[in-house]
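Coordinates in review
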Amino acid sequence: MFDDAGVRGWLHAVALDEPDATVEVDADGIVPLASVYKLPLLAGFCRLVDRGELDPRRQLTLDPAIKTSGPTGLSTFADPVTASLRDLALSMMTLSDNASADALLDLVGLPRLAAILTDLGLRRTWVRRGTAANLRDLQRRTGTNDPDAALAVLADNDQTDPAGVYEAANASAGTARDMTFLLRRLWAGELLSPTQTEFVKATMHRQIFLHRLASGFPHDGVRVAGKTGTFGALRHEVGVVTLPGGSAYAIAVFTLAARGDIRQPRVDAAIGEAARLAVDVLR
């Protein structure tokens, strides 16, 4: 499926009630996470809420003059917006809102998040920076003056991708196996309090994007809780698929396309089809 879609693919799928039952394709390859980094950030945020180090009801105002740009959520707002930290987390996950994500990452802090991820058992996952810093790095590599121009360079198939732009060492990165490990432990309630566990589950079930994992399960009785990631030729989604009978599967699919086009519906569909095939094997 990956070959037919013109991508390199990484996949790990595991039955939540039978962790030894897996389907794997290069599951330990370390891949730039794009916006999938927001899932470990959410887990870190919720862990700090459980510790009493962050108040989820605390109000934070995002200034349009300095907030991170992006195509969705508060990133697109022209005026100052005040929201609670938990609502910023909701926007970060359901809409992949870059402004909300960077605001939360600033509060959590990279060193504190790194320690939490180690404590959660993620040995091959790291968050190096947020979206704003990632876009600044891309501007430097492309020699452009704004994020849209830099992203346009990646989308131009007549130009060579800047050196290092898709190297895991230069980005927030992780493995498909680490992501399903995190999801499995979150769904089992092993990492967070019952309240924060339910917040994570409810938030991920409210993601609005249905063109990747969910496209492989076009049935009202199937529930998909997910988080997408997109950056240049990278197309990802990780999530939990729950079938009508209650059996559930944690799935992570990462792809790197041969082309950099902004719209790649064939790749999106391949992510859903690969996930469906993996679930069929595990059932």
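Note that this is a predicted model, so its numbers are computed, not measured.

Cut-offs and rules
Residues numbered from 1 in each chain as written. Predicted model: local features only at pLDDT ≥ 70, side-chain atom pairs only at ≥ 80, totals over all residues. Heavy atoms only, no water. Helix = DSSP H or I, 4+ residues; strand = E, 2+ residues; numbered from the N terminus. Buried < 20%, exposed > 50% of the residue type's maximum accessible area, 1.4 Å probe, protein only. Contact = heavy atoms within 4.5 Å. Areas by Shrake-Rupley, 256 points an atom, 1.4 Å probe, with all protein chains shown as cover. Lys, Arg positive; Asp, Glu negative; His and termini not counted. Charge placed at Lys NZ, Arg CZ, Asp CG, Glu CD. Core = buried A, V, L, I, M, F, W, Y, C linked by side-chain atoms within 4.5 Å. Pairing = 2+ DSSP bridges. Axes fitted to C-alpha atoms, helices over the stretch in contact; angles between N-to-C directions. Salt bridge = Lys/Arg side-chain N within 4 Å of Asp/Glu carboxyl O. Patch = residues over 30% accessible without salt bridge, like charges linked within 9 Å, V, L, I, M, F, W, Y side chains within 5 Å. Polar contact = N/O pair within 3.5 Å; in protein donor to acceptor, adjacent residues only side chain to side chain.

A look at the overall build of the protein
- When its secondary structure is counted, the protein shows 10 helices and 9 strands.
- Across the 283 residues that make up the protein, the buried fraction comes to 57%.
- Within the protein, contacts between residues separated by at least 24 positions form 66% of all contacts whose residues are at least 6 apart in sequence.
- Total accessible area on the protein stands at roughly 12300 Å², and carbon and sulfur atoms take up 49% of it.
- The centroid of the 30 positive side-chain charges in the protein is displaced by 3 Å from the centroid of its 34 negative side-chain charges.

Focus on the nonpolar core
- Counting residues in hydrophobic clusters, the biggest one holds 90 residues, and the most contacted among them are Leu-39, Phe-45, Leu-88 and Ile-251.
- Apart from the residues within four sequence positions on either side, Phe-45 is in contact with Leu-54, Pro-56, Leu-85, Arg-86, Ala-89, Leu-104 and Val-108.

A short note on the pairing of strand E2 (residues 18-25)
- Alignment of strand E1 (residues 7-15) against E2, held across 5 bridges, turns out to be antiparallel. Across the sheet, the residue bridging to Val-14 is Thr-22, located in E2.
- As consecutive antiparallel partners, E1 and E2 are separated by 2 residues.

Points about the sheet that holds strand E9 (residues 248-257)
- Strand order in this open sheet of 5 strands is E2-E1-E9-E8-E7, and the pairing throughout is antiparallel. Looking along the sheet, the strands with just one partner apiece sit at the ends: E2 and strand E7 (223-231). Strand-to-strand twist of the sheet, defined as the mean angle between neighbouring strand axes without regard to direction, takes the value 10 degrees.
- Strand contacts of helix H8 (residues 176-187): E1, E2, E7, strand E8 (234-242) and E9, with the helix running at about 155 degrees to E9, the strand carrying the most contacts.

Focus on the pattern of salt bridges
- Across all of its chains, the model carries 15 salt bridges by this definition.
- For Asp-26, the salt bridge is made with Arg-8, and the minimal N-O distance between the two is 2.9 Å. Of this pair, Asp-26 sits in the loop between E2 and strand E3 (31-32) while Arg-8 sits in strand E1, and the two are 18 residues apart along the sequence.
- Classification of Asp-26 as partly exposed rests on a relative accessible area of 37%.
- The class of Arg-8 is partly exposed, set by a relative accessible area of 48%.
- For Arg-57, the salt bridge is made with Asp-55, and the minimal N-O distance between the two is 3.4 Å.
- Arg-57 sits in the exposed class, given a relative accessible area of 55%.
- Exposure remark for Asp-55: the relative accessible area of 35% places this residue in the partly exposed category.

With respect to a nonpolar patch on the surface
- A cluster of nonpolar residues, Met-1, Leu-277 and Val-281, forms a patch on the protein surface that exposes about 270 Å² of accessible area.
- Structurally, Val-281 is set in helix H10 (residues 265-282).

A few points about the side chain of Arg-129
- The topology assignment puts Arg-129 in the loop between helix H5 (110-119) and helix H6 (131-142).
- Take Arg-129: its relative accessible area is 17%, and that puts it in the buried class.
- Here Asn-134 takes part through its side chain, which lies 3.4 Å from a polar atom of the side chain of Arg-129.
- Within the structure, Arg-129 has its side chain in polar contact with the backbone oxygen of Asn-170 (distance 2.3 Å).
- In contact with Arg-129, other than residues within four places in its own chain, are Tyr-37, Leu-105, Leu-110, Asn-134, Asp-137, Asn-170, Ala-171 and Ser-172.

Quick look at helix H3 (residues 85-94)
- Burial analysis of H3 places 8 of its 10 residues in the buried class, the great majority of the element.
- Along H3, the residues that are buried comprise Leu-85, Leu-88, Ala-89, Leu-90, Ser-91, Met-92, Met-93 and Thr-94.
- Packed against the buried residues of H3 are helix H2 (38-51), strand E4 (59-62), strand E5 (81-84), helix H4 (98-108), helix H9 (194-205) and E7.
- Note on H3: the residue one or two positions beyond its end, Ser-96, has a positive phi of about 55 degrees.

On their own, these measurements won't tell you what the molecule is for.
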